[in-house]
Amino acid sequence: LIRFFRILIVILIIAVLTSRSQLYSGGRLESVRAYTRALEFDYVNWTLDAMLGKVEQGSLGAMRYVSSDSARAIVLDYLKVVDESQLLQWEIERVYSDPAITDPATETKEKIERLQQVQAQKHTLAALAESTLQAQISHVVSELGLGYLGQPVPPLLYKVTELPLSLIVSPREVIRQDANISLDPEMDMAQIITLENEVANGLDVSTLVTRIGGVGVYPTMVAQSTSLPWLAETIAHEWIHNYLT
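Residues numbered from 1 in each chain as written. Predicted model: local features only at pLDDT ≥ 70, side-chain atom pairs only at ≥ 80, totals over all residues. Heavy atoms only, no water.

J.: Got a sec to walk through the overall build of the chain? Specific residues and values, please.
T.: Counting secondary structure elements, the chain contains 8 helices and 8 strands. Within the chain, the fraction of its 245 residues that count as buried is 40%. Put simply, 70% of the contacts in the chain that link residues at least 6 apart link residues at least 24 apart. Accessible area of the chain: about 14,400 Å², with a carbon and sulfur share of 56%. (Helix = DSSP H or I, 4+ residues; strand = E, 2+ residues; numbered from the N terminus. Buried < 20%, exposed > 50% of the residue type's maximum accessible area, 1.4 Å probe, protein only. Contact = heavy atoms within 4.5 Å. Areas by Shrake-Rupley, 256 points an atom, 1.4 Å probe, with all protein chains shown as cover.)

Shown next as structure tokens:
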């Protein structure tokens, strides 16, 4: 198993390094990256960390000891915790953005404490929920014949994570994606607007920084969501990128 994952790690690093979205002109790409290089997402480190986490999950084999009813309950409990986490984060942000509130730290103290508890619970449930959905979707994939000897190839692995932003670059006179560069998801709105304007004005192009739903690296990146149908569809969609590759 360890040897298998070592081989996969080598393959995925090669894939990441050779599959970046690029402008049709190499020189033009470097012109855009002159603005984005310090803000670009680090796929290699993220992928290595995610793969090591999956190796640890696989070595524990927890899903072999969980009944189908318990697995279903784990996923539903995880989605409830995600929902509460998102609601608390929204309420805290709303307080801090209200100029009428003079002491937002005191105002949000209880919510922040509860958020910390919820995030710890979410972290505990996330690995089991991911393993459950991986196993369930893998079963469907195998039934569709998209595998080898009854198993998906490559194994269906995903990780819920904060996804990179995407800088889309297009000519001004036509709607066309000439570049799609992944950026640090921690960028705030002021940084996003500044980057869009700098690239647009500096290179005479149209620009847009936008969020995405998933990334077909390996393991695949999937955005956090409280919608089980959306989550299952996105996991399967992103795995199909790996399968077709």
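J.: Describe the pairing of strand 6 (residues 206-210), naming the residues involved and giving the relevant values.
T.: Burial of the side chains of strand 6 is restricted to one face: Thr-207 and Val-209 are buried, whereas none of Ser-206, Leu-208 and Thr-210 on the reverse face is. In terms of strand pairing, strand 4 (residues 165-170) meets strand 6 through 5 bridges, oriented antiparallel. When the sheet's bridge partners are listed, Ser-166 is paired in strand 6 with Thr-210. (Pairing = 2+ DSSP bridges.)

J.: How would you explain the pairing of strand 4 if you had to name every residue and give the values?
T.: Most of strand 4 sits inside the fold, with 6 of its 6 residues counted as buried. Both faces of strand 4 are covered, namely the face carrying Leu-165, Leu-167 and Val-169 and the face carrying Ser-166, Ile-168 and Ser-170.

J.: Residues and numbers for the packing of helix 4 (residues 68-96) against helix 6 (residues 109-143), please.
T.: Relative to each other, helix 4 and helix 6 sit at 145°, their axes nearing to 8 Å. Once helix 4 is placed against helix 6, the crossing between them reads as left-handed. Broken down by class, the residue content of the contact of helix 4 with helix 6 amounts to 16 nonpolar, 5 polar and 6 charged. (Axes fitted to C-alpha atoms, helices over the stretch in contact; angles between N-to-C directions. Left-handed = near helix turned anticlockwise from the far one by under 90°. Nonpolar A, V, L, I, M, F, W, Y, C, P; charged D, E, K, R; others polar.)

J.: Quick rundown of the confidence of the model for the chain? Include the residues and the values.
T.: Reading fine detail from the predicted coordinates is not recommended where pLDDT is low. Residues of the chain with pLDDT of at least 70 account for 86%, and the chain-wide mean is 84. Of the regions scoring below 50 in pLDDT, residues 17-24 engages in 15 contacts with residues more than four places distant in sequence or in other chains. (pLDDT = per-residue confidence, 0-100.)

J.: Provide a residue-level description of the nonpolar core, including the pertinent values.
T.: Core analysis: the largest hydrophobic core is formed by 23 residues, its most contacted members being Tyr-78, Leu-133, Leu-156, Tyr-158, Leu-231 and Ile-235. Elements with a minimum of two residues in this core: helix 4, helix 6, strand 3 (158-160) and helix 8 (228-244). Each residue touching Tyr-158, except ones within four places of it in the same chain, is listed here: Lys-54, Ala-129, Glu-130, Leu-133, Gln-134, Pro-219, Thr-220, Val-222 and Ile-235. (Core = buried A, V, L, I, M, F, W, Y, C linked by side-chain atoms within 4.5 Å.)

J.: Can you tell me about a nonpolar patch on the surface, naming the residues and giving the values?
T.: Judged by side-chain polarity, Tyr-148, Leu-149 and Val-153 come together as a nonpolar surface patch covering roughly 380 Å² of accessible area. Relative to the helices and strands, Tyr-148 resides in strand 1 (residues 147-148). On the basis of relative accessibility, which here comes to 59%, the residue Tyr-148 falls in the exposed class. (Patch = residues over 30% accessible without salt bridge, like charges linked within 9 Å, V, L, I, M, F, W, Y side chains within 5 Å. Salt bridge = Lys/Arg side-chain N within 4 Å of Asp/Glu carboxyl O.)

J.: If you had to explain the sheet that holds strand 6 to someone new, which residues and values would you point to?
T.: The antiparallel open sheet is built from 3 strands, whose spatial order is 5-4-6. Of all strands in the sheet, those with a lone pairing partner are strand 5 (179-183) and strand 6, marking the two edges. Sheet twist, expressed as the average angle between the axes of neighbouring strands with direction ignored, equals 20°. The sheet strands contacting helix 7 (residues 189-203) are strand 4, strand 5 and strand 6, and the helix crosses strand 6 at an angle near 155°.

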